[in-house]
Amino acid sequence: MKVLIYASSYSWWQITLIIVLALVVLFVLICLMGLFFFTYFTYTLKKRSQAITVVIKTKYDYIKELMEVIEKAGVAIPEDIKEKFSTISIPSYLEPDGDISKTIRETLSIVKNDLVNLINSDNRLLKHELIKGLLSSIDDVDASYRAHVTNYNSDAVGYNYWVRFIPTRIFYKWAKVKEKNMIS
């Protein structure tokens, strides 16, 4: 049985009402889709942020252990390196695109490079197996960090898209939702 709708069986206001209702339903569906993706990217970015925090803490721990091994090997670590390292305080949760995170990452990289230069200047340290293992572990953590940052930045692009999505942008501005910055 075929159901045919003839325009002549509806008056102009009924047709207008059907079109308006269809547009409202379409708008609501688009808003729900935007909300779903916004929620998904918010959750994903939180998980990625936690992973990046763990990686940064792991690098911190390896550098701390490396400094202890160097001192046990009888080589004094210069005070400026110790002072730089002592300024680092990693909170339990770190916003990866924030200024604190950037400062911690930069300081850890500087300390690591200074320690590598110190190790390269002493033949005993170059041959020390534990030091070689720790440097390899730090390099692995750096590679893991780069992978996590790539994933975070990819998800931040998606998050920012849905924050700027036209039908729902008004609601996010009203709720003071801010776009995520990329991590460099």
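What you are looking at is a predicted structure, and each value in this text was computed from that prediction instead of being measured. (Residues numbered from 1 in each chain as written. Predicted model: local features only at pLDDT ≥ 70, side-chain atom pairs only at ≥ 80, totals over all residues. Heavy atoms only, no water.)

A. The overall build of the protein, seen in detail. Counting its regular elements, the protein contains 6 helices and 0 strands. In the protein, the succession of α and β elements from N to C terminus is α-α-α-α-α-α. For 184 residues, the compact-globule formula gives about 16 Å, and the C-alpha radius of gyration of the protein, at 27 Å, lies well above that figure. Each of the three principal axes of the protein carries a C-alpha extent, and together these read 95 × 40 × 20 Å. Relative to its full complement of 184 residues, the protein shows a buried share of 33%. Put simply, 76% of the contacts in the protein that link residues at least 6 apart link residues at least 24 apart. Here the protein has roughly 12100 Å² of accessible surface; of this, 63% comes from carbon and sulfur atoms. Within the protein, one finds 23 positive and 19 negative side-chain charges whose respective centroids are separated by 11 Å. (Helix = DSSP H or I, 4+ residues; strand = E, 2+ residues; numbered from the N terminus. Rg over C-alpha atoms; globule rule 2.2 N^0.38 Å. Buried < 20%, exposed > 50% of the residue type's maximum accessible area, 1.4 Å probe, protein only. Contact = heavy atoms within 4.5 Å. Areas by Shrake-Rupley, 256 points an atom, 1.4 Å probe, with all protein chains shown as cover. Lys, Arg positive; Asp, Glu negative; His and termini not counted. Charge placed at Lys NZ, Arg CZ, Asp CG, Glu CD.)

B. Molecular detail of the nonpolar core. Core analysis: the biggest nonpolar cluster contains 41 residues, and Leu66, Ile70 and Leu115 have the highest contact counts within it. Among the secondary structure elements, those contributing two or more residues to this core are α1 (12-72), α2 (79-86), α3 (99-120) and α5 (129-164). (Core = buried A, V, L, I, M, F, W, Y, C linked by side-chain atoms within 4.5 Å.)

C. Molecular detail of the layout of surface pockets. What the largest pocket holds in volume is close to 160 Å³. For the largest pocket, the full set of lining residues is Val55, Ile56, Lys59, Arg105, Leu108, Ser109, Val141, Asp142, Tyr145, Arg146 and Ser184. Contributing elements (two or more residues each) for the lining of the largest pocket: α1, α3 and α5. Considering each element in turn, the lining of the largest pocket owes the most residues, 4 residues, to α5. (1 Å grid on protein atoms, 1.4 Å probe; cavity = no way out; pocket = protein on both sides within 12 Å on 5 of 7 lines; lining within 4 Å. Points joined across faces, edges and corners; volume = space filled by probe spheres on them.)

D. Focus on helix α6 (residues 166-174). Within α6, burial applies to Pro167, Thr168 and Tyr172. Buried residues of α6, seen end-on, are gathered within an arc of 105° and therefore sit on one face of the element. When the buried face of α6 is taken as reference, the exposed residues oriented beyond 90 degrees from it are Ile166, Ile170, Lys173 and Trp174. Check the buried side of α6 and you find it contacts α1 and α5. Phi turns positive, to about 60°, at lysine 176, one or two residues after α6. (Arc of directions from axis to C-beta.)

E. Up close: the pattern of salt bridges. This model, assessed by the stated rule, comprises 11 salt bridges. A salt bridge links glutamate 79 to lysine 82; the shortest N-O distance between them is 3.8 Å. Here the residue glutamate 79 and the residue lysine 82 both occupy positions in helix α2, the gap between them amounting to 3 residues, near one helical turn. The class for glutamate 79 is exposed, based on a relative accessible area of 57%. The exposure class assigned to lysine 82 is partly exposed, which follows from its relative accessible area of 30%. Ionic contacts of the salt-bridge type, sharing partners, join the residues Lys59, Lys112, Asp139 and Asp142 into one network. (Salt bridge = Lys/Arg side-chain N within 4 Å of Asp/Glu carboxyl O.)

F. Focus on the packing of aromatic side chains. On inspection of all chains with the given rule, the structure shows 9 aromatic pairs. Ring geometry for phenylalanine 37 against tryptophan 162: centres 4.8 Å apart, planes inclined by 10°, an arrangement best described as stacked. Here phenylalanine 37, found in helix α1, pairs with tryptophan 162, found in helix α5; they are 125 residues apart in sequence, far enough to count as distant. The structure contains a cluster of three or more aromatic residues connected by ring pairs, namely Phe36, Phe37, Tyr161, Trp162 and Phe165. Its end group placed over the ring of tyrosine 159, lysine 180 keeps NZ or CZ at 5.8 Å from the ring centre. (Phe/Tyr/Trp six-rings, centres within 6.5 Å; stacked < 30°, edge-to-face > 60°. Lys NZ or Arg CZ within 6 Å of the ring centre and 35° of its normal.)

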